Amino acid sequence: MFDFNLRSKAEADDWVAECDWCSLKIIANEAQKYVTAYWAKRGQTTTKEAPGSTVPEFTHDTFIEVLVDFIVADDQWDIYMDELQGELQNAVGKILLMTSIWSDPNLCPFMAVTAHWIEAKTLQTAEGPVTSLNL
């Protein structure tokens, strides 16, 4: 069983109030006694919904839908991806990929992918073509 380690009823009330203020819905079964007690003191049976809240319940399908909407929201995405593909195909040597995942204090997940490569560019100068290597 999960232990919230709350030292007092006041601390529990503060915790529920902060979650409510941040529009965080408390769904853990172990926490429901704190949530119920908090709202009972205020004459309500449940937490109030945040006005205009557009955060859907997290599911795998919802995650994919939101991600796709984010990626294809701008028509420039296809143009950018074509340019990036061309740059990667012309990379000199290998491509280094790095990833990092983390979450913020509200446990909102983030993932970053970074690629590094060396690109050869040929510039036409008065003395003739000059090749430069760029990271």
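Heads up: the structure comes first, above all this text.
Asks: How would you explain the environment of I101 if you had to name every residue and give the values?
Replies: The topology assignment puts I101 in strand 1 (residues 91-103). A relative accessible area of 66% means that I101 is categorised as exposed. Expressed as a C-alpha distance, the spacing of I101 and A112, which sit 11 residues apart in the sequence, is 6.4 Å. Once residues within four sequence positions are removed from consideration, I101 is found in contact with F110 and M111.

Asks: Residue-level account of a nonpolar patch on the surface, with values.
Replies: Together, F58, F63, I64, L67 and V68 make up an exposed nonpolar region whose accessible area comes to about 470 Å². Locating V68 in the fold gives a position in helix 3 (residues 60-72). Judged by its relative accessible area of 43%, V68 falls in the partly exposed class.

Asks: Describe the pairing of strand 3 (residues 128-134), naming the residues involved and giving the relevant values.
Replies: Regular strands place side chains that alternate from one sheet face to the opposite one. Note that strand 2 (residues 109-125) and strand 3 share seven bridges and pair antiparallel. Following the sheet pairing, K121 is matched in strand 3 by S132. Two successive antiparallel strands, strand 2 and strand 3, enclose a turn made up of two residues.

Here is what the cut-offs are and how they apply
- Residues numbered from 1 in each chain as written.
- Predicted model: local features only at pLDDT ≥ 70, side-chain atom pairs only at ≥ 80, totals over all residues.
- Heavy atoms only, no water.
- Helix = DSSP H or I, 4+ residues; strand = E, 2+ residues; numbered from the N terminus.
- Buried < 20%, exposed > 50% of the residue type's maximum accessible area, 1.4 Å probe, protein only.
- Contact = heavy atoms within 4.5 Å.
- Patch = residues over 30% accessible without salt bridge, like charges linked within 9 Å, V, L, I, M, F, W, Y side chains within 5 Å.
- Areas by Shrake-Rupley, 256 points an atom, 1.4 Å probe, with all protein chains shown as cover.
- Salt bridge = Lys/Arg side-chain N within 4 Å of Asp/Glu carboxyl O.
- Pairing = 2+ DSSP bridges.

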